[in-house]
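# Coordinate inspection notes
Listed below are the residues making up each chain.
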2 protein chains.
Amino acid sequence: MIKKILNNPDYIVDEMIDGMVLSHPELIKRVPETGIIQRTHDKKGKVAIVSGGGSGHEPAHAGFVGAGMLSAAVCGAVFTSPTPDQILEAIKVADEGKGVFLVIKNYSGDIMNFEMAQELAEMEGIKVDSIVVDDDIAVEDSLYTQGKRGVAGTIFVHKILGYAAEKGQSIEEIKELAENLIPNMKTVGLALTGVTTPGSSTPSFALADDEIEYGVGIHGEPGYRREKLQTSKDLVDELLTKLLEEFEANSNNRFAIIVNGLGGTPLMEQYVFANDVHKQMKDNKLEIEFSKVGNLMTSLEMQGLSLTLLRLEDDFFLEALKATVDTINW
Amino acid sequence: MIKKILNNPDYIVDEMIDGMVLSHPELIKRVPETGIIQRTHDKKGKVAIVSGGGSGHEPAHAGFVGAGMLSAAVCGAVFTSPTPDQILEAIKVADEGKGVFLVIKNYSGDIMNFEMAQELAEMEGIKVDSIVVDDDIAVEDSLYTQGKRGVAGTIFVHKILGYAAEKGQSIEEIKELAENLIPNMKTVGLALTGVTTPGSSTPSFALADDEIEYGVGIHGEPGYRREKLQTSKDLVDELLTKLLEEFEANSNNRFAIIVNGLGGTPLMEQYVFANDVHKQMKDNKLEIEFSKVGNLMTSLEMQGLSLTLLRLEDDFFLEALKATVDTINW
């Protein structure tokens, strides 16, 4: 049984949010009586980027609220979409008159609730547009998803769209940027252990002592194959081959990557894995121009990681990734 | 048995270092054929702050190399001090003519090897001084230590001394600052699980399914008491009471804190814990003016966390903590 540090599973998200805003009052504040975390920093007259989803993926998304990234993040219950009224409230508080752009991970609950909130906000006269992130190539359709799931690549979306908003781009320009970004970004992961939600006594799935699963989702959704644990080199070979098959051949060999820890995997192992990614990309004559390594989009205490490739089709992507921001966790 | 992502346990640190420098070439570089990570950013004519120790505590210390913090970090084998010749080499590459200040965690191996390196460097005409960090109040003497162990507070030392160096302070001024800092900083931790070094098949210690241990060290050294797992509130009450007993009563009630994840504990739980720290500090009429929450000084995949209190006896401490830096993980 997994031991957890908490008081009452029913209040874990509420107490987490209080802990975040008490710890970082210079960057974020809580909209009272809600699961909305809002940036303290003003950026008058710019488009607001808003994201959110179920909790349990920290630092996503609240850790990326701040100057240069998100204007607000909506925190649902653990692994559960926030409600439409919470998302609507986030849109209202984030809007500065230039509209709100929503970054939605592709899960059925999120899609339904964010779209409903978008409609309600539009009825109140707020300009809203959105993009659905579906970077996980592991499986088509899944436990909570139609189509492909949205996972760690979402952090690059926050960063790149956040930069565009900070530069004063219009909501139409941000939409176009997002639509160019999504098809160039692919992710796939692997798990070494299951994950147990607070209050549960058993993990959502179990793996044998010597077993891993390729393609597991960030809520423990089934992947595409189980195997014995292999070396880092072989794990990278499997994931990278699968990712590269998804990119159409063209002359652009420049990429940005994310090696994302799922929560319980030490940074040491993430960097061993990153080393093999860099080496094998080089063997494939592919250049990595930007790397992000760490726990960005987690699944509570799950051991495992994911690899994201973003093809740098637009120089703006790289410029945006390299820009400094003022958030807790980028 | 703990599953790990690696190729060969003998090369895990070597591959980790390669992975770090390949991922962050804009910030750090490796001194070839060594375990030394050096900043790429020049700060000509200033004191260099150098730290290091056994690996397995990432992001400490390499993640804190960069403008405003460390000039170099020396990475030993897992949980093993770097050798004197490696530390000497780090001193030589880091020195810019104004001397090198060493931040040493209080473990017998580190003390011996850093002191030997300091002597060798001084014989070569380099000005070197140092401070020993012994913030862990859990126990006197331990498995690898005489006196108190050095743990997560070390990150505040990097930050505050790094800022002083960046401001152009002399090595004598930095020594005085360090000597004022150390007595005002106390840490204590707790573990929910043991830790298994790469290549081992069993953890260094074991806890029952419902058990925690107060005061465990960052290499799994024994703590001061085992108990059943309790609520976050009760855990905070225990650690905070123990910490506050260590501070002599005076009229200064201003503190900076670190809630440090030991590697396998999700950020969600760290923030629930941080929330209780903030509340109980307030109940004690103590103010928290700066908080850092996250995996800073880890113990591989160990579940657990530590709490550090730094009394803000000098306004310079807070100014230094708030300053921006250019590192991978601060």
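In what follows, the accompanying structure is described. A quick note: this is a predicted structure, and the numbers were derived from the prediction, not measured.

Analysis parameters
Residues numbered from 1 in each chain as written. Chains lettered and ligands numbered in written order. Predicted model: local features only at pLDDT ≥ 70, side-chain atom pairs only at ≥ 80, totals over all residues. Heavy atoms only, no water. Helix = DSSP H or I, 4+ residues; strand = E, 2+ residues; numbered from the N terminus. Buried < 20%, exposed > 50% of the residue type's maximum accessible area, 1.4 Å probe, protein only. Core = buried A, V, L, I, M, F, W, Y, C linked by side-chain atoms within 4.5 Å. Contact = heavy atoms within 4.5 Å. Salt bridge = Lys/Arg side-chain N within 4 Å of Asp/Glu carboxyl O. Expected span 1.5 Å × (residues − 1). Least-squares fit on C-alpha atoms with pLDDT ≥ 70 in both. Phe/Tyr/Trp six-rings, centres within 6.5 Å; stacked < 30°, edge-to-face > 60°. Axes fitted to C-alpha atoms, helices over the stretch in contact; angles between N-to-C directions. Parallel < 35°, antiparallel > 145°, perpendicular 65-115°, else oblique. Left-handed = near helix turned anticlockwise from the far one by under 90°. Nonpolar A, V, L, I, M, F, W, Y, C, P; charged D, E, K, R; others polar. Buried area = accessible area lost by both parts, 1.4 Å probe. Polar contact = N/O pair within 3.5 Å; in protein donor to acceptor, adjacent residues only side chain to side chain.

So, about unusual backbone geometry. Residue and element names in this part refer to chain A. With omega at 0°, the peptide bond leading from Ala60 into His61 counts as cis. Secondary-structure assignment places His61 in the loop between β3 (48-55) and β4 (72-78). Even without being glycine, Leu300 reaches a positive phi, approximately 50°. Counting through the fold element by element, Leu300 comes out in the loop between β11 (287-294) and β12 (304-311). For Leu300, a relative accessible area of 2% translates into the label buried.

Attention now moves to the nonpolar core. Core analysis: the largest hydrophobic core is formed by 99 residues, its most contacted members being Phe101, Phe156, Val157, Ile160, Leu161 and Leu310 of chain A together with Phe273 of chain B. In contact with Ile160 of chain A, other than residues within four places in its own chain, are Leu177, Leu181, Leu310, Phe316, Phe317, Ala320 and Leu321 of chain A.

Take the pattern of salt bridges next. Under the definition given, this model contains 42 salt bridges over all chains. Among the ionic pairs, Arg30 of chain A bridges to Asp14 of chain A, the shortest N-O distance being 2.7 Å. Of this pair, Arg30 of chain A sits in strand β1 (residues 28-30) while Asp14 of chain A sits in helix α1 (residues 12-23), placing them 16 residues apart in sequence. One salt bridge in this structure joins Glu319 of chain B and Lys167 of chain B, with 3.9 Å as the shortest N-O distance. Note that Glu319 of chain B is positioned in helix α8 (residues 315-322) and Lys167 of chain B in the loop between α4 (153-166) and α5 (171-181), a separation of 152 residues in sequence. The partly exposed category is assigned to Glu319 of chain B, whose relative accessible area is 38%. For Lys167 of chain B, a relative accessible area of 54% corresponds to the exposed category. In the salt-bridge network here, residues are joined through shared partners; they are Asp14, Asp18 and Arg30 of chain A.

All names here are of chain A. Taking 1.5 Å of rise per residue, the 13 residues of helix α6 (residues 232-244) would be expected to cover 18 Å, and the 18 Å separating its terminal C-alpha atoms lies within 8% of that figure. Within α6, burial applies to Ser232, Leu235, Val236, Glu238, Leu239, Leu240 and Leu243. Structurally, α6 contributes buried residues whose contacts are with β7 (185-191), β8 (211-214), β9 (225-228), α7 (267-283) and β12.

Glancing now at the relation of the copies chain A and chain B. Note on the identical chains: chain A maps onto chain B by a rotation of 180° and an axial translation of 0.0 Å, with an RMSD of 0.0 Å. Here the symmetry operator amounts to a two-fold rotation axis. Minimal C-alpha distance to the rotation axis in chain A is attained by Gly264 of chain A, lying at 2.2 Å. The residues that chain A uses at the interface reappear at the interface of chain B in 100% of cases, marking a shared surface.

Counted according to the given criterion, the structure contains 10 aromatic pairs over all chains. For the pair Phe247 of chain A and Phe255 of chain A, a centre-to-centre distance of 5.4 Å together with 85° between the ring planes defines the contact as edge-to-face. With a centroid separation of 6.2 Å and 10° between ring planes, the pair formed by Phe290 of chain B and Trp330 of chain B is classed as stacked. With Phe290 of chain B in strand β11 (residues 287-294) and Trp330 of chain B in the segment after α8, this residue pair connects regions lying 40 residues apart in the sequence.

Our focus in this paragraph is the packing of helix α6 (residues 232-244) of chain B against helix α7 (residues 267-283) of chain B. Residues and elements named next belong to chain B. Where α6 meets α7, the axes come as close as 9 Å, and the angle between the chain directions of the two elements is 55°. Taken together, the axis directions place α6 and α7 in an arrangement best described as oblique. Viewed along their axes, α6 and α7 form a crossing whose handedness is right-handed. Contacts from Ser232, Lys233, Leu235, Val236, Asp237, Leu239 and Leu240 in α6 reach Val272, Phe273, Asp276, Val277, Gln280 and Met281 in α7. For the contact of α6 with α7, the class distribution of residues is 8 nonpolar, 2 polar and 3 charged.

Each partner contributes residues to the interface: chain A has 58 residues there, and chain B has 58 residues. Regarding the contact of chain A and chain B, the summed buried area is about 4,700 Å², with carbon and sulfur atoms giving 60% of it. Summed over the shared surface of chain A and chain B, the number is 0 salt bridges. Across the chain A-chain B interface, the total number found is 18 residue pairs in polar contact (both at pLDDT 80 or more). At the level of secondary structure, the elements contributing two or more residues to the side of chain A that touches chain B comprise α1, α6, α7 and β11 of chain A. Per element, the largest residue contribution to the side of chain A that touches chain B is 10 residues, and it comes from α7 of chain A. Among the residues forming the side of chain A that touches chain B, the class breakdown is 28 nonpolar, 18 polar and 12 charged.

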